Amino acid sequence: MRKDRFEAFFDAVMAIIMTIVVLEFAIPKGTDWSNVKGLMFQVVVYAISFFYLGMMWMNIHTLWHNVEYITRGVMWVNMIMLFFSSMLPFWVVYLGRNFFALVPQLLYGMDVLLITITNFISAELLRKHNPALNYGVEYLRCGMILDISTKLIGIIVALIWFPPAITISVIVAMVILSFNFTLLRRKKRAYKQRNDETTNE
């Protein structure tokens, strides 16, 4: 399959996943602030998940910019990642309605962790067949390992003491993704500049 066809499919599915969760929100019966208060945690978890997926999507597009060849394995890993991503809206609503409970936090955290792991595997498979990706692989690998480690720490803390630690760990992972995205962009510009200079010579 051509890269552009798969990217178009990936983008379409991700756009639906990132917005469909809003349809699951229960509309408050009353018009007082007390009625809206019940939606607070749902909106918070939705916002965290939306921006987490958005930042992951930006990182993926930065990585895929120089991809020339995709294997069937890459397609399958990304399909699995989309499957776990498609489960996220369900866990967002479930967690938003039971924010301080351990089981909803664990199910949400495990899903986000599996999304990250499949994204990491996809990046490693892409790098093997696309030498041009080596320009930023150290930043990508480091960022994803920190991301996975942060979520694992959140799950451990949740099991021992404080269930919302999982949601907090996702917020921390977003900061890591944002920093990683900035480094990848800078590395990409430097790589392009070197290639342009080589071509001009």
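Residues numbered from 1 in each chain as written. Predicted model: local features only at pLDDT ≥ 70, side-chain atom pairs only at ≥ 80, totals over all residues. Heavy atoms only, no water.

Observations concerning the overall build of the chain
Here is step 1 of the chain: Each helix and strand in the chain was counted, giving 7 helices and 0 strands.
Here is step 2 of the chain: The N-to-C order of helical and strand elements in the chain reads α-α-α-α-α-α-α.
Here is step 3 of the chain: Once local pairs closer than 6 in sequence are excluded, the contacts in the chain between residues at least 24 apart make up 81%.
Here is step 4 of the chain: Element-wise, carbon and sulfur atoms account for 68% of the exposed surface of the chain, whose accessible area totals about 11300 Å². (Helix = DSSP H or I, 4+ residues; strand = E, 2+ residues; numbered from the N terminus. Contact = heavy atoms within 4.5 Å. Areas by Shrake-Rupley, 256 points an atom, 1.4 Å probe, with all protein chains shown as cover.)

A few points about a nonpolar patch on the surface
Here is step 1 of the chain: A cluster of nonpolar side chains, namely Phe-100, Leu-102, Ile-156, Leu-159, Ile-160, Trp-161, Phe-162, Ile-168 and Val-172, defines an oily patch on the protein surface of about 950 Å² accessible area.
Here is step 2 of the chain: When residues of the nonpolar patch are traced back to their parent elements, those giving at least two are α6 (137-160) and α7 (165-200).
Here is step 3 of the chain: Ranked by residues supplied to the nonpolar patch, first place goes to α6 with 3 residues.
Here is step 4 of the chain: Turning to its location among the elements, Phe-162 is positioned in the loop between α6 and α7.
Here is step 5 of the chain: Since its relative accessible area comes to 30%, Phe-162 is described here as partly exposed. (Patch = residues over 30% accessible without salt bridge, like charges linked within 9 Å, V, L, I, M, F, W, Y side chains within 5 Å. Salt bridge = Lys/Arg side-chain N within 4 Å of Asp/Glu carboxyl O. Buried < 20%, exposed > 50% of the residue type's maximum accessible area, 1.4 Å probe, protein only.)

With respect to the packing of helix α3 (residues 40-64) against helix α4 (residues 72-97)
Here is step 1 of the chain: The geometry of α3 relative to α4 is characterised by a closest axis approach of 8 Å and an angle of 165° between their N-to-C directions. When the interaxial angle is binned, α3 and α4 end up roughly antiparallel. Relative to α4, the crossing made by α3 is right-handed. Side by side, α3 and α4 meet where Phe-41, Gln-42, Val-45, Tyr-46, Ser-49, Leu-53, Met-56, Ile-60 and Trp-64 of the first sit next to Val-74, Asn-78, Met-81, Ser-85, Leu-88, Val-92, Val-93, Leu-95, Gly-96 and Arg-97 of the second.
Here is step 2 of the chain: In the contact of α3 with α4, the residues fall into 13 nonpolar, 5 polar and 1 charged. (Axes fitted to C-alpha atoms, helices over the stretch in contact; angles between N-to-C directions. Parallel < 35°, antiparallel > 145°, perpendicular 65-115°, else oblique. Left-handed = near helix turned anticlockwise from the far one by under 90°. Nonpolar A, V, L, I, M, F, W, Y, C, P; charged D, E, K, R; others polar.)

A closer look at the pattern of salt bridges
Here is step 1 of the chain: Across all of its chains, the model carries 1 salt bridge by this definition.
Here is step 2 of the chain: As a salt-bridge pair, Asp-147 and Lys-151 come within 2.1 Å of each other at their nearest N and O atoms. With Asp-147 and Lys-151 both in helix α6, this residue pair falls 4 residues apart, about one helical turn. Each member of the pair, Asp-147 together with Lys-151, is buried.

Let's talk about the packing of helix α1 (residues 3-20) against α3
Here is step 1 of the chain: Packing of α1 against α3 leaves a shortest axis separation of 10 Å and a crossing angle of 170°. Taken as axis vectors, α1 and α3 run roughly antiparallel relative to one another. The residues of α3 that touch α1, namely those facing Lys-3, Phe-6, Glu-7, Phe-10, Asp-11, Met-14, Ile-17, Met-18 and Thr-19, are Tyr-46, Phe-50, Leu-53, Gly-54, Met-56, Trp-57, Ile-60, His-61 and Trp-64.
Here is step 2 of the chain: Across the contact of α1 with α3, the residue classes tally to 12 nonpolar, 3 polar and 3 charged.

A word on the nonpolar core
The tendency in soluble globular proteins is for nonpolar side chains to be buried as a group.
Here is step 1 of the chain: Within the largest apolar cluster, 46 residues are counted, with the highest numbers of intra-cluster contacts made by Leu-53, Trp-64, Ile-70 and Tyr-108.
Here is step 2 of the chain: Breaking this core down by element, the ones donating at least two residues are α1, α3, α4, α5 (102-129), α6 and α7.
Here is step 3 of the chain: Excluding residues that lie within four positions of it along the chain, Leu-53 makes contacts with Met-14, Ile-17, Met-18, Ser-85, Leu-88 and Ile-115. (Core = buried A, V, L, I, M, F, W, Y, C linked by side-chain atoms within 4.5 Å.)

Quick word on the confidence of the model for the chain
Here is step 1 of the chain: Within the chain, residue pLDDT values average 84, and 86% of them lie at 70 or more.
Here is step 2 of the chain: Here α7 stands out as the least confident element of the chain, with mean pLDDT 75; α4 is the most confident, with 92. (pLDDT = per-residue confidence, 0-100.)

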